[in-house]
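# Fold and geometry: a report
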Amino acid sequence: MKSRPNWPAGLFALVWLAIVVGPLLYLVTVSLRTRAEYLGKSVWALPDALTPDNYVTVLTGGFGQYLLNNVIVTVATVAIVVLVTVPAAYAVVRNTSPFVQKGFTLLLMGLAIPAQATIIPVYLMITRMQLYDTLTAIILPTAAFALPVAMLVLVNSLRDVPRELYEAQAIDGAGPMRVLVSLVLPLARPAIMTVVVYTALNAWNGFLFPLVLTQSESSRVLTLGLWDFQGQFGTNVPALLAAVTLSVLPIFVVYLIGRRFLLSGLTAGFGK
């Protein structure tokens, strides 16, 4: 039996495509225009000529330092979250002691606590640790607030691993570390990629912790840099949008690479 085309779904997909592509098209085309052309023509009109001058202006205005700081914060945050949550999730799945299970439940309570509610205690801890105005001051709380979601994803994923595989490893004489390396890491790769992409997105776009816990220009990340550019290039919208385009591009590439793991990783274990 031949299936009928789903016209409502197709129409909805086209509308959604327009909603997504429209702002991106506006962002890129305006960033390649001159300031005079932006002010004198419609924003949706085809540009007379594309120019990279706005990108040159942004790259010579401190953007490189902000980008490097953002990369350091994102990579370090992802590394901490993965190195902590992978063995911790393995312990939660394989260890049935009440202490471990209650610890996991306590960690999940972090899902209900917004970062805004803890910003004063975090600020006090960072200052007493003499980490204020450093990239470490951004990395540590960002990683801490990413742990509950990462643990939830990894624990649900590892619970899908058949118990017989763990038992086969034990019969072969494998210890916990060998099981973690040879069995857990390969089977949990989609969930780990989900954690990497999710954590990277949050770390890359973080604003609250950089705003409160840093001050100097040398510790400024892209979100604060764009805020600074808004004042510096407030009357030069094409240059401002060029800075936005450059800030979005790296994390957009990360999302494109890991997007196919997101759904499978986030839904792992919920069908049971």
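Rules behind the numbers
- Residues numbered from 1 in each chain as written.
- Predicted model: local features only at pLDDT ≥ 70, side-chain atom pairs only at ≥ 80, totals over all residues.
- Heavy atoms only, no water.
- UniProt positions renumbered as here; feature names shortened; annotations may be inferred.
- Helix = DSSP H or I, 4+ residues; strand = E, 2+ residues; numbered from the N terminus.
- Axes fitted to C-alpha atoms, helices over the stretch in contact; angles between N-to-C directions.
- Parallel < 35°, antiparallel > 145°, perpendicular 65-115°, else oblique.
- Contact = heavy atoms within 4.5 Å.
- Nonpolar A, V, L, I, M, F, W, Y, C, P; charged D, E, K, R; others polar.
- Phe/Tyr/Trp six-rings, centres within 6.5 Å; stacked < 30°, edge-to-face > 60°.
- Buried < 20%, exposed > 50% of the residue type's maximum accessible area, 1.4 Å probe, protein only.
- Left-handed = near helix turned anticlockwise from the far one by under 90°.
- Expected span 1.5 Å × (residues − 1).
- Bend = angle between axes of the 7 residues up to and from the residue.

## Brief notes about the UniProt feature "transmembrane region" (unreviewed entry) in the chain
Here, the residues flagged by UniProt with the feature "transmembrane region" (unreviewed entry) are residues 7-28, 71-93, 105-126, 138-158, 179-201 and 237-257. Segment residues 105-126 splits into 55% helix and 0% strand. End C-alpha atoms: 26 Å apart. Within the segment residues 138-158, helix and strand shares are 100% and 0% respectively, and the terminal C-alpha atoms sit 30 Å apart.

## A closer look at the packing of helix α3 (residues 53-94) against helix α8 (residues 176-187)
Where α3 contacts α8, the axes come no closer than 11 Å and their chain directions differ by 105 degrees. Here α8 runs roughly perpendicular to α3, going by the angle between their axes. Where α3 abuts α8, its residues Val-86, Pro-87 and Tyr-90 lie against Pro-176, Val-179, Leu-180, Val-184 and Leu-185. Its residues placed into classes, the contact of α3 with α8 shows eight nonpolar, no polar and no charged.

## As for the packing of aromatic side chains
Taken as a whole, this structure holds two aromatic pairs when the rule is applied. Ring centres of Tyr-123 and Tyr-132 lie 5.9 Å apart, and the angle between their planes is 80 degrees; on these two criteria the pair is classed as edge-to-face. Looking at Tyr-123, the relative accessible area reads 33%, which means it is partly exposed. Overall, Tyr-132 belongs to the partly exposed group, its relative accessible area being 28%.

## A closer look at unusual backbone geometry
Of all residues except glycine, most have a negative phi; of all peptide bonds, most are trans. One non-glycine residue, Gln-130, lies in positive phi territory at about 60 degrees. Tracing the sequence through the fold places Gln-130 in the loop between α5 (119-128) and α6 (135-158). Using a relative accessible area of 71% as the deciding quantity, one classes Gln-130 as exposed. Its identity is not glycine, yet Asp-133 carries a phi of approximately 65 degrees, on the positive side.

## Considerations on the packing of α6 against helix α9 (residues 189-204)
For the pair α6 and α9, interaxial distance at closest approach is 10 Å and the crossing angle is 160 degrees. What the angle tells us is that α6 and α9 run roughly antiparallel. Here α6 and α9 pass one another in a crossing that is right-handed. Seen from α6, the contacting residues are Thr-142, Ala-146, Val-149, Ala-150, Val-153, Leu-154 and Ser-157; seen from α9, they are Ala-191, Ile-192, Thr-194, Val-195, Tyr-198, Thr-199 and Ala-203.

## Topic: α3
Compared with an ideal rise of 1.5 Å per residue, which puts 42 residues at 62 Å, α3 spans 57 Å between its outermost C-alpha atoms and is within 8% of the ideal. Of all the bends found along α3, the most pronounced is centred on Gly-62 and spans about 70 degrees.

## Topic: helix α1 (residues 7-31)
For α1, built from 25 residues, the straight-helix expectation of 36 Å at 1.5 Å per residue is met to within 8% by its first-to-last C-alpha distance of 36 Å. For α1, the set of buried residues is Gly-22, Leu-27, Val-30 and Ser-31.

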